[in-house]
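The lines below spell out each chain.
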Amino acid sequence: MDEASLVKCCKDNNPAAQKALYDKYVELMMIVCLRYVADREDAREVLMDAFLNFFKHIGGFTYLGEGSVKAWLKKIVVNQCLMHLRKRKVIYTTGKELEQYDNSDGSENALDYLNAKEIMNMIQTLPDGYRTIFNLYFFEGMNHKEISGLLGISEGTSKSQLHRGRALLREKILQTN
Amino acid sequence: MAQDFENINERMERASLKELMPGFDKEAEWLQLAGKLHPAKKRIPLTRWAYAAAILLLLGVGTWFMLPPTANNQPAVAQQNAPLHAALPADTALNTKPVIAEVDTQVNEIKPDQNKGLAVMKKRTRVHKDHDMVTKYTAKDFICNGTPCPIQICINQTVTCPHTQPSTISSSSTLEPDQSGRLRYKAHDKIAKNCSLTVNEIEITSIATGETILLNTNSSPSTAQEVFNYITGKKKGDVLAGMFNSDCDHQDKKHGLRLNNRHGDLIIE
């Protein structure tokens, strides 16, 4: 059964179709959750709530071709993660300290020497604020204006957080290598 | 500067969850999610519905019988004050059919002029079952007038129910000579279980002469209750109700009036 049909059946609350879509995307979405929420149990709960919202609101979803389900589901998962972080009152510090970390050590290809698990572990060790903006910028492809609007912070804070997060991550990578 | 993490998204997209989180049980998570998506509905078996409906029905019927009646539903007290002949239909004397005259008068009758000029709105009120039955006099047993004279028998009974005033029921039956018809009175099996029925008086009148044998609790040779027992068939045999001093032709011919149910139907001899 193709994805369009699965969506249609999910709109009729068909458990088999729901299971099929769940199987297709659960692993990918769990990885997304783990990037935002470091605690694994919390990540599991966030994923559960995200899938619940997905199936609950699928009636209002319009299938626009291959990839549209994945994009919509990922958006729901990311929003659910951000909600979780908001509840934990993640603090985003201002951009005054930007210059302090504005140094590149030239390790552009450092990631090439790391596997996915090592990269994930490093991302998870970042402070919540850094990690969130890092994820939104590099994984969700958002710019600082979009990030600042989404999180209710200034663009300067977004840039600062990203810079500091990236520097911290680079430092960790170099230590590993 | 951003080049170092340019391909990080691509790297992570290729990653497998088994590698990142080996303990993740996809199926167990699904079961939990499915439980939230499709919560099990509690179904009550049909038989339990049937039991519940039966109990509710019984409770409803029980409540209906147990409720005290309202003042508006008090049984009417029937009295018979009208002269005997006035109570009879005009063609009674000529009518060859068995005639049973009904002389039931309700005391609480509303006079028409009381509501003159007023719009009358009929409000349908629930009538208590007990009283509904009380107001329906039951012609229970056949009685044969074996005498040559027309006879009227009036039976006055009192119905006593809890929470209500006792009510009197008066019912009369007129029997032509050598004719049989139904004798009208309130039967015990037509009142509610929690009510009692007593016989106060029985008047047996010879219509032609106007002589009346009045039976009550102190009458002799028989009381009203004793005669009533023969009327209802509670006792078998015959009973002397009283004496008439003259026959229909106004001749002084003293004769006793007996009620006999020895052969089935009640016969006045």
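Keep in mind the model is a prediction, meaning the values are calculated, not measured. (Residues numbered from 1 in each chain as written. Chains lettered and ligands numbered in written order. Predicted model: local features only at pLDDT ≥ 70, side-chain atom pairs only at ≥ 80, totals over all residues.)

1. Remarks on the overall build of chain A
The secondary structure content of chain A amounts to eight helices and zero strands. Counted from the first residue to the last, chain A has its helices and strands arranged as α-α-α-α-α-α-α-α. Here chain A holds 177 residues, and 36% of them are scored as buried. (Helix = DSSP H or I, 4+ residues; strand = E, 2+ residues; numbered from the N terminus. Buried ≥ 20, exposed ≤ 12 C-beta atoms within 10 Å, placed from the backbone.)

2. Structural notes on the environment of D249 of chain B
All names here are of chain B. Mapping D249 onto the fold places it in the loop between β9 (238–246) and β10 (252–260). Given 10 C-beta atoms within 10 Å, D249 falls into the exposed group. Linking D249 and P148, residues 101 residues apart in sequence, is a C-alpha distance of 9.8 Å.

3. A few points about the environment of I202 of chain B
All names here are of chain B. Within the fold, I202 resides in strand β7 (residues 196–206). Note: C-alpha distance between I202 and N216 (14 residues apart in sequence) is 6.5 Å. If we ignore the near neighbours within four places in the chain, the residues touching I202 are I153, I155, L215, A224, V227 and F228. (Contact = placed C-beta atoms within 7 Å.)

4. Some details on the interface of chain A and chain B
Counting residues at the interface gives 27 residues for chain A, matched by 24 residues for chain B. Considering every element that reaches the side of chain A that touches chain B, the biggest residue donor is helix α2 (residues 15–36) of chain A, with nine residues. Each residue belonging to the side of chain A that touches chain B can be placed in one class, and the counts come to 17 nonpolar, three polar and seven charged. (Nonpolar A, V, L, I, M, F, W, Y, C, P; charged D, E, K, R; others polar.)

5. A few points about the packing of helix α6 (residues 128–139) of chain A against helix α8 (residues 155–176) of chain A
Residue and element names in this part refer to chain A. α8 packs onto α6 with a crossing angle of 100° between their chain directions and a minimal axis gap of 8 Å. Classified by the interaxial angle, the pair formed by α6 and α8 is roughly perpendicular. In this structure, α6 contributes G129, Y130, R131, I133, F134 and Y137 to the contact, and α8 contributes S158, Q161, L162, R164, G165, R166 and L168. Residues belonging to the contact of α6 with α8 are distributed by class as follows: six nonpolar, four polar and three charged. (Axes fitted to C-alpha atoms, helices over the stretch in contact; angles between N-to-C directions. Parallel < 35°, antiparallel > 145°, perpendicular 65-115°, else oblique.)

6. A short note on the pairing of strand β8 (residues 212–215) of chain B
All names here are of chain B. Burial along β8 is one-sided: I213 and L215 are buried, and none of T212 and L214, which face the opposite way, are. In terms of strand pairing, β7 meets β8 through four bridges, oriented antiparallel. When the sheet's bridge partners are listed, I202 is paired in β8 with L215. Hairpin connection between β7 and β8: a loop of five residues separates the two successive antiparallel strands, and G210 in this loop has a positive phi of roughly 80°. (Pairing = 2+ DSSP bridges.)

7. A word on the confidence of the model for chain A
Here chain A averages 85 in pLDDT, and 88% of its residues register 70 or above. In this model, residues 97–103 of chain A is a region of pLDDT below 50 whose contacts with residues beyond four sequence positions or in other chains number eight contacts. (pLDDT = per-residue confidence, 0-100.)

8. Re the sheet that holds β7 of chain B
Backbone-to-backbone hydrogen bonds join strands into a sheet, with any given pair of strands oriented parallel or antiparallel. Residues and elements named next belong to chain B. The sheet built from four strands is open, its strands ordered β5-β4-β7-β8 with antiparallel pairing. Of all the strands in the sheet, just β5 (167–175) and β8 have a single pairing partner and so form its edges. Between one strand axis and the next, the sheet turns by 15° as a mean value, whatever way the strands run. Pairing analysis gives 10 bridges linking strand β4 (residues 151–160) to β7, with the strands arranged antiparallel. When the sheet's bridge partners are listed, V159 is paired in β7 with L197. Lying on the sheet, helix α7 (residues 224–232) is in contact with β7 and β8; it crosses β7 at an angle near 90°.

9. Let's talk about the pairing of β10 of chain B
All names here are of chain B. One ladder, built from seven bridges, connects β9 with β10; its direction is antiparallel. Residue pairing across strands places L240 opposite R258, the latter belonging to β10. Relative to strand β11 (residues 266–268), β10 runs antiparallel, the two being bridged by two bridges. Its bridge partner lying in β11, L259 is registered against I268. In this structure, the hairpin formed by β10 and β11 is closed by a connection of five residues, where G264 is found at a positive phi of approximately 115°.

10. Observations regarding the environment of E146 of chain A
All names here are of chain A. Structurally, E146 can be placed in helix α7 (residues 144–151). According to the C-beta neighbour criterion, E146 is partly exposed, with 15 such atoms within 10 Å. Sequence-wise, E146 and L136 are 10 residues apart; in three dimensions their C-alpha atoms are separated by 9.2 Å.

11. Structural notes on the confidence of the model for chain B
Residues and elements named next belong to chain B. The pLDDT averaged across chain B works out to 72; a share of 68% of its residues lies at or above 70. The element-level mean pLDDT for chain B is lowest in strand β2 (residues 105–106), coming to 40, with helix α3 (residues 26–37) highest at 89. Of the regions scoring below 50 in pLDDT, residues 74–136 engages in 82 contacts with residues more than four places distant in sequence or in other chains. This complex was scored by the predictor with a pTM of 0.48 and an ipTM of 0.82.

12. Observations concerning α7 of chain B
What α7 of chain B keeps buried is the set A224, E226, V227, F228, Y230 and I231 of chain B. Two residues or fewer after α7 of chain B comes G233 of chain B, characterised by a positive phi angle close to 85°.

13. Details of unusual backbone geometry
S220 of chain B connects to P221 of chain B through a cis peptide bond whose omega is 10°. Tracing the sequence through the fold places P221 of chain B in the loop between β8 and α7. A positive phi angle, near 65°, is found at N13 of chain A, a position not held by glycine. Residue placement: N13 of chain A occurs in the loop between α1 (3–11) and α2. We classify N13 of chain A as partly exposed; it has 14 C-beta atoms within 10 Å.

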